[in-house]
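As a plain string of letters, each chain reads:
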Amino acid sequence: MYQKSIFSWLKHWDFMLIDFVIMQLSLIAAYAMYKGGLFVYRSDVYRIVALSLFLAQFLVVFFLQTFKNVLKRGYYLEFVSAVKHVIGVVLVDLAMLFFLHYSALFSRKIYVTMVLIYFLASYLARIGWKAFLYKTNKVTEGGRSVVIISTTDLADGIVENFSLPQFLNYKIVGVYIMDEVSPFKEYGDIPVMGSDEDVLEFICHSWVDEVFIRVPEGTDFPEIITDELITMGITVHNCIVPPDDFGNVYVERFGNYTVLTNSVKMVTYQQMFYKRILDIVGAIVGCIITLLIAIFIGPLIFLKSPGPIFFKQTRIGKNGKQFKMYKFRSMYMDAEERKKEYMAQNKMDGLMFKMDDDPRIIGSEKKGKDGKPKGIGNFIRNTSLDEFPQFFNVLKGDMSLVGTRPPTVDEWEQYDLKHRVRMSIKPGITGLWQISGRSKITDFDEVVRLDSDYIQNWDLGTDIKILLKTVVVVLKRDGAE
């Protein structure tokens, strides 16, 4: 799934919001210095000035796009940009006040002081907010991984271009030189491949968000690569004319290249914004419920199997990126080591592990009248209580409320190309497979089919329907392990 670029004037809304607040605070501070009070908005004149400043800021940001590439600017360029921004805002604001016949009604000293405070505070805020974003890993160099596919003549220039500020958020994780069987080029620690099979195998089992293709005009590009990339759900930025069946394609700027971008599903920034809001709201509620549940079942888990009540495991997230997933621990501490003993009893036909009456589950030696295990581990799994700590993963952004279930590392390493498409989105706590009766589906290819259908037909309404149906499924214990 690929998120289309947001309008450049709105992309850095956080910087815009900070700038708007600083302008109003600057007006309040300047007014207080000369008038001796903080209630600037009580004045009819200064209320108009405050409103005109807000409109002037909006117009300058919209038309001049003064926050474009703000994350890529150093101290000097940011200083120059701040000067241009402030000058633009002041000129537009004074023009509006002149036509409204307010230009002679406010204090020049207050206005000049406000501009000076605004400029200094705005510049420092930009620098400070960027430092905060980088420190907290909200923005990172190489935040998205990309594989380059090109030829000997073009590869050097492409790799060099990816060091430019336009590609700040991209990290090259592999290069495929398609006209060399045994490539002699080296790019530091970046793997260099020389065959179709090598690059497809690498993409299938590595963290790869996107693929960038550029070959000389007239070059015959192997159709097997484009076909398999589509099958895997990889987002492809293509500098060549794609085949007719290449899928949904649209033109965009990719750094300093004009490309045709293809993905299994195209979504807008607004759609992903609404999905993230739904995730955050749901995660906050879920985290509160998780803490309440922990008060009751935590001691029971510990008494039956001493150790941490939360289980942390490395899972595979979107496009192969690893993360730590949390659960209430429902198995004994040595469950992972004992898994190999029971592989022959795996009831899943494919790359997942499930077995009936798993003896690794805490308290599973206790049987009910029907002969079924009745331990605390079985209880929290049958009621899906073990899944609740994943709301913390949703809040962190590793997972979504609705998505595809994240595979373990050993499962991921066994994936075929056709299986990778299910990880082209963030993994979810629930999904189409779960509400379809997960314990009744034993064919992994059927799981992939359901996940692919969800990805290709996704919209926010689908997520809401799945969430509502999940509540019903959990209450009925339908399809639970």
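Residues numbered from 1 in each chain as written. Predicted model: local features only at pLDDT ≥ 70, side-chain atom pairs only at ≥ 80, totals over all residues. Heavy atoms only, no water.

1. Brief notes about the overall build of the protein
- Secondary structure assignment for the protein yields 16 helices and 13 strands.
- The buried share of the protein, taken over its 481 residues, is 49%.
- Of the contacts formed within the protein by residues at least 6 apart in sequence, a portion of 70% connects residues at least 24 apart.
- About 24100 Å² of surface is accessible on the protein, with carbon and sulfur atoms providing 61% of the total. (Helix = DSSP H or I, 4+ residues; strand = E, 2+ residues; numbered from the N terminus. Buried < 20%, exposed > 50% of the residue type's maximum accessible area, 1.4 Å probe, protein only. Contact = heavy atoms within 4.5 Å. Areas by Shrake-Rupley, 256 points an atom, 1.4 Å probe, with all protein chains shown as cover.)

2. A look at the packing of helix 2 (residues 13-35) against helix 5 (residues 108-135)
- Contact pair helix 2 / helix 5: the axes reach a minimum separation of 8 Å and the direction vectors enclose 145°. In this structure, the crossing between helix 2 and helix 5 has a hand that is right-handed.
- Considering only residue class, the contact of helix 2 with helix 5 consists of 18 nonpolar, 3 polar and 6 charged. (Axes fitted to C-alpha atoms, helices over the stretch in contact; angles between N-to-C directions. Left-handed = near helix turned anticlockwise from the far one by under 90°. Nonpolar A, V, L, I, M, F, W, Y, C, P; charged D, E, K, R; others polar.)

3. Topic: the packing of aromatic side chains
- Scanning all chains against the criterion turns up 17 aromatic pairs.
- Ring centres 5.2 Å apart and planes at 70° place the aromatic pair Tyr 31 and Tyr 46 in the edge-to-face group. With Tyr 31 in helix 2 and Tyr 46 in helix 3 (residues 44-64), this residue pair connects regions lying 15 residues apart in the sequence. Assigned by exposure class, Tyr 31 and Tyr 46 land together as buried.
- On the numbers, 5.4 Å between centres and 80° between planes, the contact of Phe 79 with Phe 119 is edge-to-face. With a gap of 40 residues between them, Phe 79 in helix 4 (residues 75-99) and Phe 119 in helix 5 connect regions that are remote in the sequence.
- Joined through ring pairs, the aromatic side chains of Phe 58, Phe 62 and Phe 63 make up one cluster.
- Sitting over the face of the ring of Phe 39, Arg 42 holds its NZ or CZ atom 4.2 Å from the ring centroid.
- For the cation-ring pair, Arg 108 lies above Phe 106, with the distance from its terminal atom to the ring centre recorded as 5.4 Å. (Phe/Tyr/Trp six-rings, centres within 6.5 Å; stacked < 30°, edge-to-face > 60°. Lys NZ or Arg CZ within 6 Å of the ring centre and 35° of its normal.)

4. Focus on the pattern of salt bridges
- In the structure shown here, the tally under the stated rule is 14 salt bridges.
- Salt-bridge contacts for Asp 463 lead to Lys 275; the nearest nitrogen and oxygen are separated by 2.5 Å. Placement of Asp 463 in helix 16 (residues 460-476) and of Lys 275 in helix 9 (residues 269-304) is noted, with a sequence separation of 188 residues between them.
- Residue class for Asp 463 comes out buried when judged on its relative accessible area of 1%.
- Here Arg 449 makes a salt bridge to Glu 446, at a shortest N to O gap of 2.7 Å. Taken together, the residues Arg 449 and Glu 446, both in helix 15 (residues 444-456) and 3 residues apart, mark about one turn of the helix.
- Through salt bridges with shared partners, a single network forms among Arg 73, Glu 78, Arg 126 and Lys 130. (Salt bridge = Lys/Arg side-chain N within 4 Å of Asp/Glu carboxyl O.)

5. Digging into helix 5
- Between its terminal C-alpha atoms helix 5 stretches 40 Å, which fits the 40 Å expected from 28 residues at 1.5 Å a residue.
- Looking at the packing, one finds that the buried side of helix 5 touches helix 2, helix 3 and helix 4.
- At the N-terminal boundary of helix 5, the capping side chain belongs to Ser 107, with an oxygen 3.3 Å from the backbone nitrogen of Lys 109. (Expected span 1.5 Å × (residues − 1). Polar contact = N/O pair within 3.5 Å; in protein donor to acceptor, adjacent residues only side chain to side chain.)

6. Quick notes on the confidence of the model for the protein
- Looking at the protein as a whole, its pLDDT mean stands at 84, while 88% of the residues score no less than 70.
- Considering each helix and strand of the protein separately, the mean pLDDT is smallest for helix 1 (residues 8-11), with a value of 58, and largest for strand 12 (residues 400-402), with 95. (pLDDT = per-residue confidence, 0-100.)

7. Considering the nonpolar core
- The biggest cluster of nonpolar side chains holds 50 residues, and the ones touching the most others in it are Val 147, Ile 149, Ile 203, Val 211, Leu 229 and Met 232.
- If one sorts the elements of this core by residue count, helix 15 sits on top with 6 residues.
- Here Leu 229 is in contact with Ile 203, Val 211, Ile 213, Ile 234 and Val 236, once residues within four sequence places are set aside.
- By size, the runner-up hydrophobic cluster in this structure holds 24 residues, among which are Ile 22, Ile 28, Ala 50 and Phe 106. (Core = buried A, V, L, I, M, F, W, Y, C linked by side-chain atoms within 4.5 Å.)

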